[in-house]
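One letter stands for each residue in the lines below.
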Amino acid sequence: MISIRDLSFRYAGGGRDALSGINLEIPPGEFLGIIGSSGAGKSTLTYALNGIVPHHYPGDFYGSVLVNGLDTVDAGPEALARQAGSVFQDIDGQMVASVVEDEILFGLENFGIPRNEIESRLEEALLAAGIQELRYRELSSLSGGQKQKAAIAAITALKPGIIILDEPTGELDPQSSRKIFDYLRELNEKQGITIIVVEQKIMLLCEFAKRLAVMDKGVLVREGTVTEVLQRPDILEGAGVNIPRVTTLGKALGEKGLYRGELPHNLPQAEAMMKEVLC
Ligand SMILES: Nc1ncnc2c1ncn2[C@@H]1O[C@H](COP(=O)(O)OP(=O)(O)OP(=O)(O)O)[C@@H](O)[C@H]1O
Ligand SMILES: [Mg+2]
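Reading the values: rules and limits
- Residues numbered from 1 in each chain as written.
- Chains lettered and ligands numbered in written order.
- Predicted model: local features only at pLDDT ≥ 70, side-chain atom pairs only at ≥ 80, totals over all residues.
- Heavy atoms only, no water.
- Core = buried A, V, L, I, M, F, W, Y, C linked by side-chain atoms within 4.5 Å.
- Buried < 20%, exposed > 50% of the residue type's maximum accessible area, 1.4 Å probe, protein only.
- Helix = DSSP H or I, 4+ residues; strand = E, 2+ residues; numbered from the N terminus.
- Contact = heavy atoms within 4.5 Å.
- Axes fitted to C-alpha atoms, helices over the stretch in contact; angles between N-to-C directions.
- Parallel < 35°, antiparallel > 145°, perpendicular 65-115°, else oblique.
- Left-handed = near helix turned anticlockwise from the far one by under 90°.
- Arc of directions from axis to C-beta.
- Pairing = 2+ DSSP bridges.
- Donors = N, O, S within 2.8 Å, 3.2 Å for Na, K, Ca; no water.
- Near = heavy atom within 4 Å.
- Polar contact = N/O pair within 3.5 Å; in protein donor to acceptor, adjacent residues only side chain to side chain.
- Areas by Shrake-Rupley, 256 points an atom, 1.4 Å probe, with all protein chains shown as cover.
- Salt bridge = Lys/Arg side-chain N within 4 Å of Asp/Glu carboxyl O.
- Nonpolar A, V, L, I, M, F, W, Y, C, P; charged D, E, K, R; others polar.

S.K.: Before we move on, can you summarise the nonpolar core with the specific residues and values?
M.R.: Of all hydrophobic cores here, the largest spans 54 residues; its most connected members are I104, L184 and I195. Sorting elements by how many residues they give to this core places helix α7 (residues 144–156) first, with 6 residues. Ignoring any residue separated from it by four or fewer positions in sequence, one finds L184 in contact with F31, L165, I195 and V197. Counting residues in hydrophobic clusters, the runner-up holds 29 residues, among them I2, L32, L80 and L220.

S.K.: Give a description of the packing of helix α5 (residues 100–110) against helix α6 (residues 115–128) that names residues and reports values.
M.R.: Helix packing for two helices is described by the angle between their axes and how far apart those axes are. One way to put it is that α5 packs onto α6 with a least axis distance of 10 Å and a crossing angle of 135°. Taken as axis vectors, α5 and α6 run oblique relative to one another. Seen along the crossing, α5 lies across α6 with a hand that is right-handed. Here V100, E101, I104, L105, L108 and E109 of α5 lie close against α6, whose contacting residues are R115, I118, R121, L122 and L126.

S.K.: Go over helix α12 (residues 245–255), please, and point to the residues and values.
M.R.: Among the residues making up α12, those that are buried are V246, T247, G250 and L253. Around the axis of α12, the buried residues are gathered within 125° of arc, so they sit on the same side. For α12, the exposed residues set more than 90 degrees away from the buried face come down to R245 and E255. Tucked into the core, α12 has its buried residues touching α10 (226–230), α11 (233–238) and α13 (267–278).

S.K.: Any details on the pairing of strand β9 (residues 211–216)? Residues and values, ideally.
M.R.: Working note: regular strand, side chains alternate between the two faces of the sheet. Where burial is concerned, most of β9 is hidden: 5 out of the 6 residues are buried. With 5 bridges joining them, strand β3 (residues 31–36) and β9 adopt parallel strand pairing. Each bridged residue has a counterpart across the sheet, and for I34 the counterpart in β9 is A213. Where β9 folds back on strand β10 (residues 219–225), the antiparallel hairpin that results is connected by 2 residues, among which K217 adopts a positive phi of roughly 50°.

S.K.: So what about the coordination of the magnesium ion (ligand 2)? Which residues, and what values?
M.R.: For the magnesium ion (ligand 2), every protein donor is listed as S43 (OG) and Q89 (OE1), and the spread of their distances is 2.0 to 2.2 Å. Note that S43 is positioned in helix α1 (residues 42–50) and Q89 in the loop between β6 (84–87) and α4 (91–94), a separation of 46 residues in sequence. Overall, the relative accessible area of 42% leaves Q89 in the partly exposed class.

S.K.: Can you break down the environment of L66 residue by residue, with the values?
M.R.: Residue position: L66 is located in strand β4 (residues 59–67). Judged by its relative accessible area of 30%, L66 falls in the partly exposed class. Once residues within four sequence positions are removed from consideration, L66 is found in contact with M1, I2, S3 and D71.

S.K.: An account of the site of ligand 1 is requested, with residue identities and associated values reported.
M.R.: Around ligand 1, 15 residues are found, and the nearest of them are S38, G39, K42, S43 and T44. Measuring from an oxygen atom of ligand 1, one finds a backbone N or O atom of G39 at 2.8 Å. G41 places a main-chain nitrogen or oxygen 3.0 Å from an oxygen atom of ligand 1. The fraction of the free accessible surface of ligand 1 (640 Å²) that becomes covered by protein chains is 65%. The dominant element in the shell around ligand 1, judged by the number of residues it contributes, is α1, at 3 residues.

S.K.: Could you give an account of the pattern of salt bridges, naming the residues involved and the relevant values?
M.R.: A pair can form between side chains of opposite charge whenever their charged atoms are brought close. Within this structure, the stated rule accounts for 14 salt bridges. Between K159 and E124 there is a salt bridge, with its nearest N and O atoms 3.6 Å apart. Within this pair, whereas K159 is found in the loop between α7 and β7 (162–166), its partner E124 is found in helix α6, the two being separated by 35 residues in sequence. With a relative accessible area of 44%, K159 lands in the partly exposed category. Within the structure, one salt-bridge network assembled from shared partners comprises E101, E119 and R135.

S.K.: Could you give me a rundown of the packing of α1 against helix α3 (residues 72–83), with the residues and numbers involved?
M.R.: Packing of α1 against α3 brings their axes to within 8 Å, and their N-to-C directions diverge by 90°. One element, α1, and the other, α3, form an angle in the roughly perpendicular class. Note on element contacts: α3 touches α1 through T72, P77 and L80, opposite A48, L49 and N50. When its residues are assigned to classes, the contact of α1 with α3 shows 4 nonpolar, 2 polar and no charged.

And the structure:
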């Protein structure tokens, strides 16, 4: 369980609050998508969850963030890493080893996982991420997507209850992006892991996330189920977020007085809408 109360943060020397008055509860088992334009504060919000803010980046921090009961200001990044694993936006900066296997082993050894469990955890994580054949590869020789998977495997091997990913599909083509989200869904549904993912591709979030948080200039402007959030395309557009084409269509039909139902965000919903409009 994550509880964010009245959280505001301004980086030392920053001209404005990177986060302003954020209140958000994230229960266990959630699959939350965070969306917003560049500079909206999405990465800073993830830093506030893993303690990088305020421990690594100094600044003015107000309010509180509790991760499974641990106050992030008191607990510090190491204790928090046991509760919540993070895959950062700057993935190269996160990697500590030069070979895939060592990257995963590093975390397992650091966490004090018993020797007899290490090999099975390593194999399980490689298998789940579908990268067994990359086990002995140099990280520097991997494609962007392979690196993303290695970073995710290194985190899942630690079996945290919460995984936070900052734009994990940033460098990926649509097919590889879907594969990452399929994997996140599996972790969420089969293992009950809470997934918090910053993602710019709204269609992916519409398909995979349960709830959406929309950030704009440091403010959480909307939070709710995907359907709830998509009912207010004006807020999404105001936050600089592209809305799905089917939602735009629903909005346009609504403005012409032709449709009054729930705005769709996927094809089956769009089909139902068109049947209603045409019949
Ligand atoms: N280390 C830092 N020092 C000072 N200001 C920072 C720092 N990191 C981010 N900021 C500022 O904080 C605000 C929020 O930045 P953040 O990186 O959280 O946005 P974001 O939504 O993740 O953007 P993007 O989509 O580009 O990754 C921006 O105004 C940014 O310039
Ligand atoms: Mg960011």
